[in-house]
Amino acid sequence: MDDADRQVLRRCRVRLVSELQVAPLWDVLLSRELFTPGMIEDIQQAGSGSRPDQARQLVIDLETRGRQALPLFISCLEDTGQTSLASLLRTSSQAAKRDPKAIRPLDPIPVVLGPVDLKREELRIAKQYPSKPIPGKLTSEVLGPEDIGPGGLSDVRAQRELRGNADVAYVLNADPCGYCLIINNVTFSLGLSTRLGSNVDCEKLTHRFRLLHFSVEVKCNLTSKQMVQALVELARRDHGALDCCVVVILSHGCEASHRQFPGAIYGTDGCPVPVERIVNIFNGTSCPSLGGKPKLFFIQACGGEQKDPGFEVASPSFEDRAPGSNPEPDAAPFQDNPGNCDQPDAISSLPTPSDIFVSYSTFPGFVSWRDPNSGSWYIETLDRVFEQWAYSDDLQSLLLRVANAVSEKGIYKQIPGCFNFLRKKLFFKT
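Residues numbered from 1 in each chain as written. Predicted model: local features only at pLDDT ≥ 70, side-chain atom pairs only at ≥ 80, totals over all residues. Heavy atoms only, no water.

1. Focus: the pattern of salt bridges
Here the structure, examined in full by the defined rule, presents 12 salt bridges. A salt bridge links Glu63 to Arg13, with the shortest nitrogen-to-oxygen separation between them at 3.2 Å. Residue Glu63 is located in the loop between helix H5 (51-62) and helix H6 (69-79), and its partner Arg13 is located in helix H2 (residues 13-19); the two are separated by 50 residues in the primary sequence. Assessed through its relative accessible area of 0%, Glu63 is described here as buried. Between Arg423 and Asp355 there is a salt bridge whose closest N-O contact spans 2.7 Å. Of this pair, Arg423 sits in the segment after strand S14 (417-420) while Asp355 sits in the loop between strand S10 (328-329) and strand S11 (356-360), and the two are 68 residues apart along the sequence. For Arg423, a relative accessible area of 45% corresponds to the partly exposed category. (Salt bridge = Lys/Arg side-chain N within 4 Å of Asp/Glu carboxyl O. Helix = DSSP H or I, 4+ residues; strand = E, 2+ residues; numbered from the N terminus. Buried < 20%, exposed > 50% of the residue type's maximum accessible area, 1.4 Å probe, protein only.)

2. Here we look at the environment of Gln68
Mapped onto the secondary structure, Gln68 falls in the loop between H5 and H6. As a C-alpha pair, Gln68 and Asp2 span 66 residues in sequence and 9.2 Å in three-dimensional space.

3. Remarks on the confidence of the model for the protein
Confidence in the prediction of the protein, expressed as mean pLDDT, is 76, and 69% of residues score 70 or more. Averaged pLDDT values for the elements of the protein fall to 36 in strand S2 (residues 138-140) and rise to 97 in strand S3 (residues 178-184). Note on residues 103-118: pLDDT is under 50 here. Beyond four places in sequence and across chains, it has 49 contacts. Across residues 331-352, where pLDDT falls below 50, the model places 83 contacts with residues more than four positions away in sequence or in other chains. (pLDDT = per-residue confidence, 0-100. Contact = heavy atoms within 4.5 Å.)

4. Let's talk about the sheet that holds strand S7 (residues 264-266)
Taken in spatial order, the three strands make up an open sheet running S6-S7-S8, and their pairing is antiparallel. Edge positions in the sheet fall to strand S6 (253-254) and strand S8 (272-274), since each of these pairs with one other strand and no more. Looking at chain direction, S7 and S8 are connected through three bridges and run antiparallel. Following the sheet pairing, Ile265 is matched in S8 by Val273. (Pairing = 2+ DSSP bridges.)

5. Observations concerning the pairing of S11
The buried count for S11 comes to five of five residues, which makes it a mostly enclosed element. Taking every second residue as pointing to the same face, both faces of S11 are buried, with Ile356, Val358 and Tyr360 on one and Phe357 and Ser359 on the other. Here strand S9 (residues 295-300) pairs with S11 via five bridges, running parallel. Looking across to S11, one finds that Phe298 is bridged to Ser359. With four bridges joining them, S11 and S14 adopt antiparallel strand pairing. Pairing of Tyr360 across the sheet is with Gly417, part of S14.

6. Thoughts on the nonpolar core
Core analysis: the largest hydrophobic core is formed by 34 residues, its most contacted members being Phe209 and Phe298. Where this core is concerned, the elements lending two or more residues are S3, helix H10 (198-211), strand S4 (214-220), strand S5 (244-250), S9, helix H13 (377-389) and helix H14 (395-407). The dominant element in this core, judged by the number of residues it contributes, is H13, at six residues. Counting residues in hydrophobic clusters, the runner-up holds 31 residues, among them Met1, Ile43, Leu58 and Ala69. (Core = buried A, V, L, I, M, F, W, Y, C linked by side-chain atoms within 4.5 Å.)

7. Looking at H6
Looking only at H6, the buried set comprises Ala69, Leu70, Phe73, Ile74, Ser75, Cys76 and Leu77. In this structure, the buried residues of H6 make contact with helix H1 (3-11), helix H3 (25-31), H5 and helix H7 (83-98). Within two residues after H6, Gly81 carries a phi angle of roughly 80 degrees, on the positive side.

8. A closer look at the environment of Arg6
With respect to the element layout, Arg6 can be found in helix H1. Classification of Arg6 by relative accessible area gives buried; the value is 4%. Taking the C-alpha atoms as reference points, Arg6 and Glu63, separated by 57 residues in sequence, lie 6.2 Å from one another.

9. Brief notes about the pairing of S3
Among the seven residues of S3, six are classified as buried, and the element is accordingly described as predominantly covered. Across seven bridges, the pairing between S3 and S4 is parallel. Opposite Ile182, over in S4, you have Val218 as the bridge partner. Chirality of the crossover, the property in question, places the unit of S3, H10 and S4 among those that are right-handed. Pairing of S3 with S5, which is carried by seven bridges, proceeds in the parallel orientation. Across the sheet, residue Ile182 finds its bridge partner in S5, namely Val248. (Right-handed = clockwise from strand over helix to strand, strands pointing away.)

10. Thoughts on the sheet that holds S9
Strands sit in the order S4-S3-S5-S9-S11-S14 across an open sheet of six strands; the sheet is mixed. Across the chains shown, the open sheet's two edge strands, defined by having one partner strand only, are S4 and S14. Between one strand and the next, the sheet's axes are offset by a mean angle of 10 degrees, whatever the strand orientation. The strands touched by helix H11 (residues 224-235) within the sheet are S3, S4 and S5, with S3 carrying the most contacts at an inclination of about 175 degrees. (Axes fitted to C-alpha atoms, helices over the stretch in contact; angles between N-to-C directions.)

11. Quick look at the side chain of Arg10
Positionally, Arg10 belongs in helix H1. Exposure remark for Arg10: the relative accessible area of 14% places this residue in the buried category. A polar contact is formed between the side chain of Arg10 and the side chain of Glu63, at a distance of 3.1 Å. (Polar contact = N/O pair within 3.5 Å; in protein donor to acceptor, adjacent residues only side chain to side chain.)

Next up, the structure:
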């Protein structure tokens with residue numbers, strides 16, 4: 001669905017949820033092939049199953065159903081006698097096409113929150129009074145190159161002292177530290193391209209997380225439902241004797257309507273699973289044995305369809321792609337077919353998150369590049385940085401190194417980012 005139609009739906013959402021009669025729509029939506037029977041069933045079970053909840057989920061999921069979804073939905077409304085809503089959407093759509101600036105995005109730009117880096121005085125307190133907690137602070141952070149000079153966060157001695165302070169850093173003493181589930185989707189149906197190079201990524205991270213003392217499991221080529229089943233099964237295990245949990249997903253991805261965590265990940269059946277839903281599976285209610293323990297998510301997938309050409313800087317330092325390589329985006333290739341689309345999606349709100357860290361291979365809305373021979377830029381760099389610096393740096397410092405290195409690659413640009421809801425610093429066990 002193009003952005004203008006998406007914004008029309010979002011601007012009309014309140015009235016649609018209030019007035020939309022969903023019961024007569026099910027058969028019409030199926031006959032027009034706007035939704036599959038399984039999708040209709042999921043919509044009917046949304047929330048409490050009430051009409052407003054079903055209407056809300058239908059409107060949200062409609063954004064996933066291709067570039068012709070809005071006009072087809074308007075015709076479905078007319079077929080079921082809901083002419084006032086059909087007229088509202090048609091008029092809004094026509095106005096948006098005449099003046100695209102009239103339809104502004106309603107969603108705010110995501111802000112990454114994370115603990116403020118400890119100042120020198122706070123480090124002194126941590127050393128002198130290890131049991132004294134340091135007041136927590138939250139601030140907006142912009143990912144960028146980290147100062148890795150002497151006395152910065154990468155000072156090995158300071159980091160080691162923090163590592164041993166349970167008030168400041170998570171304790172990862174268990175062996176294994178925890179489970180690491182890697183979902184590696186390579187081959188797809190419904191026009192999604194084969195993700196050449198993904199097996200290289202999978203092998204690298206399998207090896208890396210085993211060295212970091214995780215029990216690694218790999219599952220390949222899962223449909224959307226199988227992905228959810230694998231994640232639910234992992235969340236239902238007893239993590240009581242473990243200290244951490246890692247989920248890595250390598251797949252095609254897309255934009256998604258969201259409240260906290262953007263993006264959605266495709267199963268091999270071409271159906272997206274919102275990142276919010278993935279993270280929500282591991283919240284304190286669904287997975288109590290991981291309460292208070294870090295839950296890490298690494299997402300190698302596109303955040304959308306935009307390609308970033310970058311901008312000139314005074315002293316450019318970039319890495320050209322290897323001779324003969326041809327990087328591919330991990331976006332859904334539906335963009336080339338007007339009958340299909342990137343398939344954004346959403347899920348119900350997530351309880352206040354804690355001890356969660358979600359690392360994205362790219363900024364929301366942009367493609368994520370993958371080389372068919374050497375794997376994705378993000379995973380290749382992540383593996384190299386972990387190999388070189390996991391013994392001394394905390395997780396957020398590692399990811400800053402990754403972001404800086406990836407940003408220097410290629411003609412088209414890419415910048416990884418994260419949503420950080422950890423309460424402490426995290427140092428891997430090496």
